[in-house]
Amino acid sequence: MWNGAHTAAMATITPIHRPTIFCTFGFTITAIKLPLRRRKWKPRQIAVSSARLTQPNTFLSVSLSNLGPNDEHPQLLPNTSEEDFVVVNFYHFVFIEDPEAEVAKHLYFTRDLDIHGRVYLNEQGINAQYSGPSKHARAYANWLREDPRFSDILVQVSPAINGHAFPKLKLRYKPSLVQLEGDFSHLPLLDPSKRATPLTPSEWRERLETMNSNRDTNYILLDIRNGYEWDIGHFQGAQRPTVDSFRCTSFGLSETKDAASDPLANVDKEKTKVLMYCTGGIRCDVYSTILRERGFQNLYTLKGGVSNYLKDEGSEQWVGNLFVFDSRLSLPPSAYNPEAGSCRTPQLSANNAFARCYICTSQVSLLRHRNCANLDCNLLFLCCKECVSELRGCCCSECTSSPRLRPVLPGPQRYQKWHIYRDFQQEQPT
Ligand SMILES: [Zn+2]
Ligand SMILES: [Zn+2]
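A quick note: this is a predicted structure, and the numbers were derived from the prediction, not measured.

## Things to note about the overall build of the protein chain
Phase 1 of the analysis: Along the backbone of the protein chain there are eight helices and 20 strands.
Phase 2 of the analysis: Taking all 430 residues of the protein chain together, the buried fraction comes to 36%.

## Topic: helix H2 (residues 134-145)
Phase 1 of the analysis: With twelve residues, H2 should cover 16 Å at 1.5 Å per step; its first-to-last C-alpha distance of 16 Å lies within 8% of that length.
Phase 2 of the analysis: H2 sits mainly inside the fold: ten of its twelve residues count as buried.
Phase 3 of the analysis: Next to the buried residues of H2 lie strand S6 (85-93), helix H1 (99-109) and strand S8 (125-133).

## Description of unusual backbone geometry
Phase 1 of the analysis: With a phi close to 70 degrees, Gln317 is a non-glycine residue in the positive phi region.
Phase 2 of the analysis: The residue Gln317 is located in the loop between helix H6 (305-313) and strand S16 (318-320) in this model.
Phase 3 of the analysis: Backbone geometry places Asn378, a non-glycine residue, at a positive phi of 60 degrees.
Phase 4 of the analysis: Mapped onto the fold, Asn378 is located in the loop between strand S19 (370-371) and strand S20 (380-381).
Phase 5 of the analysis: Residue classification places Asn378 among the partly exposed residues on the basis of 14 C-beta atoms within 10 Å.

## A look at the confidence of the model for the protein chain
Phase 1 of the analysis: Summarising the model, the protein chain shows a mean pLDDT of 79, and 75% of its residues fall at 70 or more.
Phase 2 of the analysis: Counted against residues more than four places away or in other chains, residues 1-78, with its pLDDT under 50, gives 100 contacts.

## Regarding helix H3 (residues 201-212)
Phase 1 of the analysis: Between its first and last C-alpha, H3 extends 16 Å over twelve residues, near the 16 Å set by a 1.5 Å rise per residue.
Phase 2 of the analysis: Burial in H3 covers these residues: Pro201, Trp204, Arg205, Leu208 and Met211. Viewed along the axis of H3, the buried residues span an arc of 125 degrees, placing them on a single side of the element. In H3, those exposed residues whose orientation departs by more than 90 degrees from the buried face are Ser202 and Thr210.
Phase 3 of the analysis: Where H3 is buried, its residues meet strand S11 (197-199), strand S12 (219-223), strand S13 (233-235), strand S15 (298-302) and H6.
Phase 4 of the analysis: Taken from the residues just after H3, Asn214 is the one with a positive phi, measuring 60 degrees.

## Some thoughts on the nonpolar core
Phase 1 of the analysis: By size, the foremost hydrophobic cluster in this structure holds 84 residues, and its most contacted members are Val88, Leu222, Val274, Met276 and Tyr277.
Phase 2 of the analysis: With seven residues, the top contributor of residues to this core is S6.

## With respect to the sheet that holds S12
Phase 1 of the analysis: The four strands are arranged S11-S15-S14-S12 in an open sheet whose pairing can be described as parallel. The open sheet is flanked by S11 and S12, the only strands paired with a single partner. Put simply, the sheet's adjacent strands are angled 30 degrees from each other on average, direction ignored.
Phase 2 of the analysis: Taken together, the three bridges between S11 and S15 define a ladder with parallel strand orientation. Counted as the bridge partner of Pro198 is Thr301 from S15.
Phase 3 of the analysis: Lying over the sheet, H3 contacts S11, S12, strand S14 (273-277) and S15, oriented at roughly 90 degrees with respect to S11.
Phase 4 of the analysis: Along the sheet, helix H5 (residues 282-293) makes contact with S14 and S15, crossing S15 at roughly 175 degrees.

## Here we look at the pairing of S15
Phase 1 of the analysis: The buried count for S15 comes to four of five residues, which makes it a mostly enclosed element.
Phase 2 of the analysis: Bridge count for S14 against S15 is four bridges, and the pairing is parallel. Counterpart to Met276 in the pairing with S15 is Thr301.
Phase 3 of the analysis: The β-α-β motif built from S14, the intervening H5 and the parallel element S15 has right-handed crossover chirality.

## Description of the packing of H3 against H6
Phase 1 of the analysis: Following both chains from N to C, one finds H3 and H6 inclined at 90 degrees, their axes separated by 9 Å at the closest point. Classified by the angle their axes make, H3 and H6 are roughly perpendicular. Contact with H3, carried on its side by Pro201, Ser202, Trp204 and Arg205, involves Asn308, Tyr309, Asp312 and Glu313 of H6 and no other residues of that element.
Phase 2 of the analysis: By residue class, the composition of the contact of H3 with H6 is three nonpolar, two polar and three charged.

## A short note on the sheet that holds strand S9 (residues 156-159)
Phase 1 of the analysis: The five strands lie next to each other as S9-S6-S8-S7-S10, forming an open sheet whose pairing is mixed. Each having just a single partner strand, S9 and strand S10 (169-173) make up the two edges of the open sheet. On average, each strand axis in the sheet is tilted by 10 degrees relative to the strand beside it, whichever way the strands run.
Phase 2 of the analysis: Contacts from H2 reach S6 and S8, with the element oriented near 160 degrees to S8.

## Topic: the environment of Glu102
Phase 1 of the analysis: Mapped onto the secondary structure, Glu102 falls in helix H1.
Phase 2 of the analysis: On the basis of neighbour counts, which here come to 19 C-beta atoms within 10 Å, the residue Glu102 falls in the partly exposed class.
Phase 3 of the analysis: For Glu102 and Arg172, which are 70 residues apart along the polypeptide, the C-alpha to C-alpha distance reads 9.4 Å.

What counts and how
Residues numbered from 1 in each chain as written. Chains lettered and ligands numbered in written order. Predicted model: local features only at pLDDT ≥ 70, side-chain atom pairs only at ≥ 80, totals over all residues. Helix = DSSP H or I, 4+ residues; strand = E, 2+ residues; numbered from the N terminus. Buried ≥ 20, exposed ≤ 12 C-beta atoms within 10 Å, placed from the backbone. Expected span 1.5 Å × (residues − 1). Contact = placed C-beta atoms within 7 Å. pLDDT = per-residue confidence, 0-100. Arc of directions from axis to C-beta. Core = buried A, V, L, I, M, F, W, Y, C linked by C-beta atoms within 7 Å. Pairing = 2+ DSSP bridges. Axes fitted to C-alpha atoms, helices over the stretch in contact; angles between N-to-C directions. Right-handed = clockwise from strand over helix to strand, strands pointing away. Parallel < 35°, antiparallel > 145°, perpendicular 65-115°, else oblique. Nonpolar A, V, L, I, M, F, W, Y, C, P; charged D, E, K, R; others polar.

In structure tokens, the structure reads:
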């Protein structure tokens, strides 16, 4: 009989007709329950961390623990099993002498890993967002950290909602690590002194508390993201950015810019303290080097961005959800920090754009964008329940009569490829 004395037993899973565990002490289990999720069976060594007899002598429920080679960074993945899908984000500015060779090395290492996402490398470093079973996702990040050039990267992990958060893996050379108009290969990204001063999440919270209680008015809080990201969540006191794409961000760059749309217009570049933030930190690091070149002296950024802040500080000083650039689109603070309290919704004034339906401007309860059901429009917009049902998931009435109309998405998933809807329609009797 299996009991507590055997809970650290070694076992090998063999891919035969039905998963079977052969244990070192001669016990064979022919039916097991495993959190497999889209993985193929491969023979492998596992550690049986606990076992429970659910039906006398016939059925055992076994939970597994990771025996992989990468347990030196367990803090990467709190409360996830190796089969749970996670999303990993990291970036690092470092000189890479031969980026094409580096790409080849990464492609070789990841060839058998089940990871999907965007990994871009160039002479200035790496920028990566990808999803996968946590064992695979962690293996890649840990492999990278074994290289001294990348040993201190901040790897951020969050739970995936429904398997992969990206359709496939794109791992390649890219001339620019972030989308920003113009050629920035000349920017001194590799020199930390040319960027904003990074603040830890707790230092950031203290500054915001000071700023928001009007104890120091010499601050400007700059949301460096897109307007639609601000619409579902932002730091208290941050103005809605007047940009629809970070690529076009030009805060503080033009002498003649309209002060109403540019929070950095007419500020004292030497005295004003600019607190800038973005999702994961990379946009601020890049943009702050541009602002430094333009004479801004007191630039501060949030280390690791909002995602790192929510993990460490919860939803203090934060309002709403965090927009993310993968199929999840929106994450509550509790995704990063289960202890985080429910997010506060501010008192909305009539001209406050936060959490407003794009169509009728009423307040939305679900802080999550959707794509227009018209494939040829595909606009990402925030929409109330009533407008979703009235316009069948479209952004406007014109889109409802489009030839490539997809069915309304019922929940927080993304649309599938068009041919799936097209083929389905063609199979329907006319
Ligand atoms: Zn509406
Ligand atoms: Zn549309």
